[in-house]
Structures are given as C-alpha cells and as structure tokens.
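The residues making up each chain are set out below.
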Amino acid sequence: MSDTTVDASKRTWLIASGCAGAVGGVFTAVPFVSSFQPSEKAKAAGAPVEVDIASLKPGEKVTIEWRGKPVWILRRTPEQLASLKKVEGQLADPHSERKAFPTPDYAKNDYRSIKPEIWVGVGICSHLGCSPSDRLQPGPQPSLPDDWQGGFLCPCHGSTFDVAGRVFKNKPAPDNLEVPPYMYLSDNRLLIGEDKNTKA
Amino acid sequence: MAEFKEISPNATATEKLVNWFDNRFPSAGSFYKDHMSGYYAPKNFNFWYFFGSLALLVLVIQIVTGIFLTMHYKPDAAVAFASVEYIMRDVPWGWLVRYMHSTGASAFFIVVYLHMFKGLIYGSYRKPRELVWIFGCTIFLVLMAEAFMGYLLPWGQMSYWGAQVIVNLFSAIPFIGPDLALLIRGDYVVSDATLNRFFSFHVIAVPLVLLGLVVAHILALHDVGSNNPDGVEIKGPNAPMDENGKPVDGIPFHPYYTVHDIFGVAVFLMVFSAIIFFAPELGGYFLEYNNFIPADSLKTPAHIAPVWYFTPYYSMLRAITSEMMYALIACVLLAAGFAILKSRMSVIGKAVVVVATLAAIALMLSIDAKFWGVLVMGGAVIILFFMPWLDKSPVKSIRYRPGWHKGMYGLFVLNFIVLAYLGTQPPSPVGERISQIGTLFYFGFFLLMPWWSRLGDFKPMPDRITFAAH
C-alpha cells in the first residue's frame, strides 16, 4: 500500500456504484431466467379431450393423451371392483386424503370414479413421473407380491397401485395416481380435462 | 515491457523464429516451462497415474466428435430421433463419429472413476491439495449433468423417460420443487422445449464450465505439485533438492511423463477402438436397447434404468423407502447419542444436538421418503467433496496404512459395483434390501472415516519415495 491516506468519500462512491452495478446485474438476469419458464404456446396447449368409450369391454383399458400425459380409462370387471375392498388395508392412502394431487370430489369415493366401473386416471407415477405398466392379471408374478389382486406396477422404482390407482404402502410413490378433471357428456362420451366445476 | 532479447546473427532460422515469438508472446514460453518442461512430477508414478491425462484425451475426443455431430443433428422433438438415425445411416462415416461420442461418454466415466479411485487410495486430496480435489469433484458433478443432458438428445425411450425421472427428482424438493422442475423442463412434461434447452446446455454452456474447471484443476495441481503412490512430498521443506533447486525425486513432465502418457494413450485407444468397432452398444450398457425406440410420452418401457455410470446413485435413490426411513432415523439417534455421551461438548452444545436431532427426526417423519431419496442420491456425490476433512489417518498413501484399511477400500469398491449392478436391474425385494445395506455402508464409510481412518498400526513412512529405476 502507498502511504497516501484513503479518500473516504471516493471510497463511499466506489462502493455505492459497485452496489448499483450489482443490482443492475441481478435485474439483467431476470429476462434470462424467465425465458426458462413454459412459453405461452406451451401454456395454451392442453385443451380438453373427448373420448368415446362405447367399444371399451370390461377389463380393457385405453390410453389417451391429455396435456402430453397418458390418461387411462379402464372399464373394471366386477372382480376388479371387488378387489378394491380387499386391498384397502395395504394401501398408503385408501381414501385419497392427501393433498398433493387432490382427487376431485366426484371421484372421492370407494371407486375413485364417477361411475364405479369406469376409472379415469393420469398414468403418471407420483414418484418420479414414469408411466406404470398394466399388471391387471391377479396372482403371483415377477416383482409383485404373491397375493396380487391386479393393478399397476411402475417399472422405474417398483411402486404398485390397485385398479383405482391407489398406491400401496412402503413404496417410493407417496401419492395415489392423479384423477384428472373429467365429466360425462353422454353415457359413453367422456370429456377429459374439464368438469362441471372448471366449466362453471 | 519485458526486455527485448537479441540473438546472435549466426543462430539458426528456427532459433531466430523462436526468439521472435518469445519477444512478442513470452507467455507461451513460460506456460510451456511452467506446465511441461519445468513442471517436476514425482518419478514413481504408476499405472493409476495414466487416467488424468486419459480424461483430458477423452474430453478432447468428446468435443471434437461433438462438433461434428452438431453439424447433422437436429434438436427438435419431431425430427431428433430421425436425425440421429440419419447420422448413423446416411452421413458418410457418421456412424463412426456417433459411436466415438457415445462410447466416449462411457469411457469418460470409466477413466474418471479410476482417476478418483487413485486419489482416494493415495490420499491425493489431503493438504495442500484440497482444492485440486474439490475442483475435481466439481468436474465430476458437471460431467454428470453434461452426460445426462446429452442422453436426452437422441430422443429415444430411455432418453425421454430418463429425463422425466431425473427432472422430477427436483420436484421432490419441498415448496420450490414443482416450480423448479417446471423451470427446467420449460413445459409441463418433457417436451420439445426441454430437448432444445438441453441441447444448448450440452453443446455450449456446460462444456465451457467444464473446460474452465479443468484448467482450474490443473493449475491448482501444478501450484501445489503432484502427490504420488508413496504420499511423500517431493517438494516439501525437508525434501532433497539438487544444486539447481529441483527436487531430486522429481522429473520434468516433458519429456518423461509425456512419453509415459502416450503409452497409456496407445493402450487406451486400442480398447476404445475395439469397443467402437466390435461392440459399440456393449451389451446394452453403453447404448441401451430401449433407446432405439423413439420417445413415446404415453408409455414407459417395461424396464427402465439409467446408463451404467449413474446406476450406483440410482440404486441408493431406490433404496430410500418409507421403511428405510426408520433405519435412517435410528442412525441419526445413534449419532446423537454418541455425540451427547462421548463428546466433551458443553451443556449448551449438547442441548443444540438434542434440538437438532429432534428437528431432523420430525422432518424425516413429515417429508416423503421420495425427497430423502433424492437427498441421499445427491449426498452420495456431495460427500466426496469433504474427503480432505474426513480422512484423519496419519499417512496419505494406502501403502502405509494398516492392512484392514485396504480391506475397507476393497469393500467400498465392491459395494459400489454391487450398487451399480442393482441399479441396472428391475426392482426386487432382495435387491432393495441389498441396496439399502449398500447405501448404509457407502455413507458409513465416509461419515465414520474420521474415526476409523486413525485406527490400526500404521507403517513408518519413508523419508523419500520408493523407486527402483527400470
């Protein structure tokens, strides 16, 4: 250091302008970080989808795309509906009370659906977003318990779900499969992505 | 301005040219001297010391092949998969460039894992090389990001669902998680927006960071000097020096280690080429079979697993179930119990421990196992950064540590390989149990290191490196 004394007022102004520059730098970062957000185009996508389920036979499942996600429509057999009661004790959240993916009121029942036999759900595991595979056949099979009643198995981390998309205990997935907003346009026509509440 | 050096008019044309440059760009000459001809490295480097320079070679291979792939690849969800197939089938020699890049990715991790293992067994992270190690760990972390984002680009099923899973890891963070995941994807699902930005990160942003870190890693290494298999300092205050002040146990990097490393490069390229030409997919480990199916956002493949180099961490992620949380809570209680009963902390310190433990347990019970799984996965990498302060053994090198320490490192490697294997397999109850034990061992190895690393009978350290001329 030289032996000249520090000019306090110069230093104050140096610090002040340095801080002003830093603030400006932070503000400059805003547009760049904001550009990471979903674009208007991405936000606009996701219109509701209409499905005809007249040809869906008992035990059959169709997958349709809504907002880029697979939505499953499963027409459950009487045996499958009966299995829902049997597995209740092994489920993490049998009555869908958790709030992470709130189940619409009209599906907050024993079947998690408007009509008991037709189950509509988003086929995306609440763990890390894989799409579980169908394991609708009851009985012992690889990666599943011997008293398996039929349901879904996530291939990524082994979470299992019953035929109402309810997650079993002690699995990595914390939540039941999401039930999307949906409504019946007629007996056999479903509208996925919109219900009476959102429409109103 | 530096002094202008005059050269004898009788000097050769080459010498004159060198002098001309030296007067105008002396930095080049001093760089060569500082890092090549005048950088003294210990003369007892062994096999393990090949992997640092090999990592640099693979970095160059990845950058060069990457530049050429970028000329043909299209980062658009509609055509990305087809453009990779176009490179493979229609671009002249495109298949070779692509296989060099895909094999290079795996080679990078093999070389880096071996390089890190070298550091672990010879204590290369210890004072004064802490920053060398920290820069290295950061390189590893950034390399993982680079590899992950590159893996999305072929837009196959594994690319898509792998990205879906990893991006969703961020959404497990309480409060900010879902928004953060949205910010990373740029859409509500992995989509074209995600592909496009990952492309940008993969080809320019992350490589720039990587190059900067590599420079920092090497500069810091050359400032403090290389460690060696004996862990004896060749440039320390008591190290013998010759009449020019050069370490007696050191040799100039160039020509000695350049020649040494060229031999390593030759052997490496033989193996590398053999894989590229005869087994570029390496049985589904280097290029997964499911990735030859175009991405389908409605269907996850029946068995998904990350590429092999991520599988040990993936196993640890899968190991954290709500059951496992009780085991972890037990560990926290044990640690707190020891801290309270055995340490000589003040009463206030102990009170803090009790409060912290209770808070930790409350959080562990209230937040989903999913979040803790993500934390464990990240922690498995982050814990490496702390090695310089975890290892309390009186000697650096494994050579002078008790025999059972070698066993510990052997077990650690075995455990790492078992975790890696389980990560490639579909989930199973037995696999889950083993990976849970493996996870506990992995963290126990590091977290208990301050205690176990000082136990046992250490061998006396030699004053100078052990070296027999060959």
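Preceding this paragraph is the structure being described.
Scope of this entry: the structure provided in the associated data block.

Analysis parameters
- Residues numbered from 1 in each chain as written.
- Chains lettered and ligands numbered in written order.
- Predicted model: local features only at pLDDT ≥ 70, side-chain atom pairs only at ≥ 80, totals over all residues.
- Helix = DSSP H or I, 4+ residues; strand = E, 2+ residues; numbered from the N terminus.
- Rg over C-alpha atoms; globule rule 2.2 N^0.38 Å.
- Buried ≥ 20, exposed ≤ 12 C-beta atoms within 10 Å, placed from the backbone.
- Contact = placed C-beta atoms within 7 Å.
- Pairing = 2+ DSSP bridges.
- Axes fitted to C-alpha atoms, helices over the stretch in contact; angles between N-to-C directions.
- Nonpolar A, V, L, I, M, F, W, Y, C, P; charged D, E, K, R; others polar.
- Parallel < 35°, antiparallel > 145°, perpendicular 65-115°, else oblique.
- Left-handed = near helix turned anticlockwise from the far one by under 90°.

Examining the overall build of chain A
Of the regular secondary structure elements, chain A holds four helices and nine strands. For chain A, the N- to C-terminal ordering of α and β elements is α-α-β-β-β-α-β-β-β-β-β-β-α. Taking 2.2 N^0.38 as the reference for a compact globule, 200 residues should give roughly 16 Å; the C-alpha atoms of chain A span a radius of gyration of 26 Å, well beyond that estimate. Dimensions along the principal axes, computed over C-alpha positions, put chain A at roughly 95 × 40 × 25 Å. Burial analysis of chain A (200 residues in total) assigns 32% to the buried set. Sequence separation of 24 or more characterises 56% of the internal contacts of chain A that already satisfy a separation of 6 or more.

A short note on the sheet that holds strand 4 (residues 118-122) of chain A
Residue and element names in this part refer to chain A. With antiparallel pairing, the three strands of this open sheet are ordered in space as 2-3-4. Since the sheet does not close on itself, it has two edges, and those belong to strand 2 (61-66) and strand 4, each with one partner. Averaged over neighbouring strand pairs, the angle between their axes works out to 20° when direction is ignored. As paired elements, strand 3 (residues 69-75) and strand 4 share five bridges and run antiparallel to each other. Residue pairing for strand 4: Trp72 is matched across the bridge by Gly121.

Section: the interface of chain B and chain A
At the junction of the two partners, chain B supplies 32 residues and chain A supplies 26 residues. Among the elements of the structure, helix 7 (157-170), helix 8 (177-185), helix 12 (322-342) and helix 14 (369-382) of chain B are those that each provide at least two residues to the side of chain B that touches chain A. Looking at the side of chain B that touches chain A element by element, the count peaks at five residues for helix 7 of chain B. Its residues assigned to classes, the side of chain B that touches chain A comprises 15 nonpolar, 11 polar and six charged.

Digging into the environment of Lys246 of chain B
Residue and element names in this part refer to chain B. As for its position among the elements, Lys246 is in the loop between helix 9 (192-224) and strand 2 (250-252). The exposure class assigned to Lys246 is partly exposed, which follows from the 15 C-beta atoms found within 10 Å. Separated by 207 residues in the primary sequence, Lys246 and Tyr39 have C-alpha atoms spaced 9.8 Å apart. Contact partners of Lys246, with chain neighbours within four places excluded, come to Tyr40 and Met241.

So, the packing of helix 3 (residues 50-70) of chain B against helix 5 (residues 94-122) of chain B
Residues and elements named next belong to chain B. It is the contact of helix 3 with helix 5, at a shortest axis distance of 9 Å, that shows an interaxial angle of 160°. Taken together, the axis directions place helix 3 and helix 5 in an arrangement best described as roughly antiparallel. As for the relative orientation of helix 3 and helix 5, their crossing is left-handed in sense. Here Phe51, Gly52, Leu54, Ala55, Val58, Ile61, Gln62, Thr65, Gly66, Phe68 and Leu69 of helix 3 come into contact with helix 5, specifically with Val97, Arg98, Met100, His101, Gly104, Ala107, Phe108, Val111, Val112, Leu114, His115 and Lys118. Residues of the contact of helix 3 with helix 5, tallied by class, amount to 14 nonpolar, seven polar and two charged.

Notes on the environment of Ala28 of chain B
Structurally, Ala28 of chain B is set in helix 2 (residues 26-37). For Ala28 of chain B, a count of 11 C-beta atoms within 10 Å puts it in the exposed group.

What about the packing of helix 7 of chain B against helix 8 of chain B?
Each pair of packed helices gets described by two things: the angle between the helix axes and the distance between those axes. All names here are of chain B. Interaxial distance between helix 7 and helix 8 falls to 7 Å at its minimum, and their mutual angle equals 140°. What the angle tells us is that helix 7 and helix 8 run oblique. Residues Val167, Asn168 and Phe170 of helix 7 form the contact with helix 8, whose participating residues are Gly177, Leu180, Ala181, Ile184 and Arg185. Here the residues of the contact of helix 7 with helix 8 are counted per class, giving five nonpolar, two polar and one charged.

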